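Now for the letters of each chain:
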Amino acid sequence: MNTEAIEKLLRKAPHNTAPAGLLNTLKSDIDLPSASARTLEHRESGSWLRRWIPALGFAVWFLGCVIVLGVQASRIAELKERARASEAARRASASLLTGANETPSASTTEIEQLRKDLADLARLRGEVERLRAELAELPKLQTENAQLRLTLKAQVPPGPKPEEDYFAQQQGRAARIVCVNHLKQLCLAARIWANDSKSDALPKNVESLKPYLKSAEKMLFCPSDGTTPYQILSPGASESHPQVVFVRCTIHNNVGLVDGSVQQLSPSHKLVQRDAEWFIER
Amino acid sequence: MSDDVKNLVERAKSGDRSAASQLITEFYERIFAYFRRRCGNDEDAADLTQKTFCKVWTSLKNYDQRSSFNTWLHSIAHHVYVDWRRVNHRLDPQSDEWWDACIADEPGPFENAAEGEAAHQLYRAVEQLNDEQRDIVHLHYYQSLSIQETADALSIATSTVKYRLRNALTALQGRLTEPKLHV
């Protein structure tokens, strides 16, 4: 069967006849818009109310909440205001009470302070008396201190003898060598002075030698104590007598000859004077 | 839409009951036949017809005559039927027995017994189509609505109507070529 035949048969589908009373029923049910306008509006208004009831309910509840919150907020603000007022009144009363008690309190404090100052003054006076007593005892204490020092020094064991002290020996030997050096400088200065004087005689005093010495303050004294001057034994000695002793150290027994040499004399050596000139002999 | 129907609609809008009566007289049998085919019994068809016309009178003020009154009426009838099916859970199509009884009751426009037999098979095959194709066949062929009117009544595009019609005819043709399976 092709589609045309199918369509043809479909268009011939049977039509059932309506029941007899249906037409009258339908006509009796006619409810035209004009006649039913009020009913529809009423129905619509009813449905509108039903539709908006939840929203209206929520709005009423929300409005109620807002009102309650507003009332509570105003009540809280009022209570805060009262609290502030009462606090201000309390502070005012407290300040009044403080002002009433201020004068006695101040005088009491001042008296207390004066008493403290008086006690401090008495304490300081006692301190001064005690210090004065200690000051009076000071010379006695110093004397005791000196005695104690002497006692202590006496109790200290004796040190080594000078001849046993190695360091003292070395120190003495070094001083003797320096003394030799001084004497050599003096003899050299004397010979230069004689050369400058165009004579063969050496100077007669140490003052003539000072211009020829770099540090005359040191060179003219023995280095052992720095205060013992060298002794010119043969002033004006002639260079033609080179074995004549020109200068001597009385501490170390060192001698400087006219020829410029220096000798460290041992105890076996003796200085002998001949014709106002000194010589070394054994 | 004919001028007479337009005139009757206008008069009914203005509250003329006689015009409304004339509109009922003009269309109630077609609407009843539509429901009779779809529901399967006179009582439900009569109830749905009444409900349809009640909705017509209620919605008549909103009818702007952009489509014909017949189309608008069938649109309301279709929605009434859909609601009725949903409320009553009538999701199954008409049975073969119903169509047998329906055709046997009618004298029938068929030229011979063979055509009547073919029509019998065809109507049973229509009830086995899906809902969309069955709605199209009922409105376009059984209710004699045009393609455009069918599209307006179902609120779909004409191209959709044509597509569904072509699918429905193809399906019917396929089912009629294997008649033994459906007898």
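Structure's up top.
Structure report, in brief. Everything quoted here is computed from the prediction, not taken from an experiment.

Topic: the overall build of chain A
- Broken down by element type, chain A carries seven helices and six strands.
- Element order for chain A, N to C, with α for helix and β for strand: α-α-α-α-α-α-α-β-β-β-β-β-β.
- Pairs at least 24 residues apart make up 48% of the contacts formed inside chain A by residues separated by at least 6 positions.

Remarks on helix H1 (residues 3-11) of chain A
- Along H1 of chain A, the positions that sit buried rather than exposed are Ile6, Leu9 and Leu10 of chain A. Down the axis of H1 of chain A, the buried set is contained in an arc of 100°. They therefore lie on one face. Opposite its buried face, H1 of chain A presents the exposed residues Glu4 and Arg11 of chain A, each directed more than 90 degrees away.
- Structurally, H1 of chain A contributes buried residues whose contacts are with helix H6 (113-126), helix H7 (131-142) and helix H9 (158-176) of chain B.

What to know about the nonpolar core
- Core analysis: the biggest nonpolar cluster contains 32 residues, and Leu23, Tyr28, Ile31, Phe32, Phe35, Leu73 and Ala77 of chain B have the highest contact counts within it.
- Not counting the four nearest positions on each side in its chain, Phe32 of chain B is found in contact with Ala18 and Leu22 of chain A together with Ala45, Ala46 and Thr49 of chain B.
- Core analysis: the next-biggest nonpolar cluster, separate from the first, contains 25 residues, Met219, Tyr230, Ile232 and Phe246 of chain A among them.

Some words on the environment of Ala157 of chain B
- With respect to the element layout, Ala157 of chain B can be found in the loop between helix H8 (147-154) and H9.
- Once the C-alpha coordinates of Ala157 of chain B and Ile147 of chain B are considered, the two residues, 10 residues apart in sequence, prove to be 9.4 Å apart.

Structural notes on the pairing of strand S2 (residues 245-249) of chain A
Residue and element names in this part refer to chain A.
- Counting buried positions along S2 gives five out of five residues, so the element sits mostly inside the fold.
- Where strand S1 (residues 231-232) and S2 come together, two bridges link them in antiparallel fashion. Of the residues in S2, the one forming a bridge with Ile232 is Val247.
- The loop that links S2 with its antiparallel partner strand S3 (residues 254-257) comprises four residues; one of these, Asn253, has a positive phi angle of about 60°.

Considering the environment of Lys210 of chain A
All names here are of chain A.
- Structurally, the position occupied by Lys210 is in the loop between helix H6 (166-196) and helix H7 (216-219).
- Of the residues examined, Lys210 has 13 C-beta atoms within 10 Å and is grouped as partly exposed.
- Spatially, the C-alpha atoms of Lys210 and Ala190 are 9.8 Å apart, while their sequence positions differ by 20 residues.

Quick word on the pairing of S3 of chain A
All names here are of chain A.
- Alternating positions in S3 separate into two faces, Asn254 and Gly256 on one and Val255 and Leu257 on the other, with burial throughout.
- Two strands pair when backbone bridges link them, and S2 and S3 are joined in this way by four bridges, in the antiparallel orientation. Across the sheet, residue Val247 finds its bridge partner in S3, namely Gly256.
- Pairing of S3 with strand S4 (residues 262-264) involves three bridges; the strand directions are antiparallel.

A closer look at the packing of helix H3 (residues 42-59) of chain B against helix H4 (residues 69-88) of chain B
Residue and element names in this part refer to chain B.
- Put simply, H3 and H4 touch, their axes get as near as 9 Å, and they point 125° apart. In terms of their interaxial angle, H3 and H4 are classed as oblique. Between H3 and H4 lies a crossing of right-handed hand. When H3 is examined against H4, the residues Leu48, Lys51, Thr52, Lys55 and Val56 are found in contact with a partner set consisting of Leu73, Ile76, Ala77, Val80, Tyr81 and Trp84.
- Class assignment for the residues of the contact of H3 with H4 results in eight nonpolar, one polar and two charged.

Reading guide: rules and limits
- Residues numbered from 1 in each chain as written.
- Chains lettered and ligands numbered in written order.
- Predicted model: local features only at pLDDT ≥ 70, side-chain atom pairs only at ≥ 80, totals over all residues.
- Helix = DSSP H or I, 4+ residues; strand = E, 2+ residues; numbered from the N terminus.
- Contact = placed C-beta atoms within 7 Å.
- Buried ≥ 20, exposed ≤ 12 C-beta atoms within 10 Å, placed from the backbone.
- Arc of directions from axis to C-beta.
- Core = buried A, V, L, I, M, F, W, Y, C linked by C-beta atoms within 7 Å.
- Pairing = 2+ DSSP bridges.
- Axes fitted to C-alpha atoms, helices over the stretch in contact; angles between N-to-C directions.
- Parallel < 35°, antiparallel > 145°, perpendicular 65-115°, else oblique.
- Left-handed = near helix turned anticlockwise from the far one by under 90°.
- Nonpolar A, V, L, I, M, F, W, Y, C, P; charged D, E, K, R; others polar.

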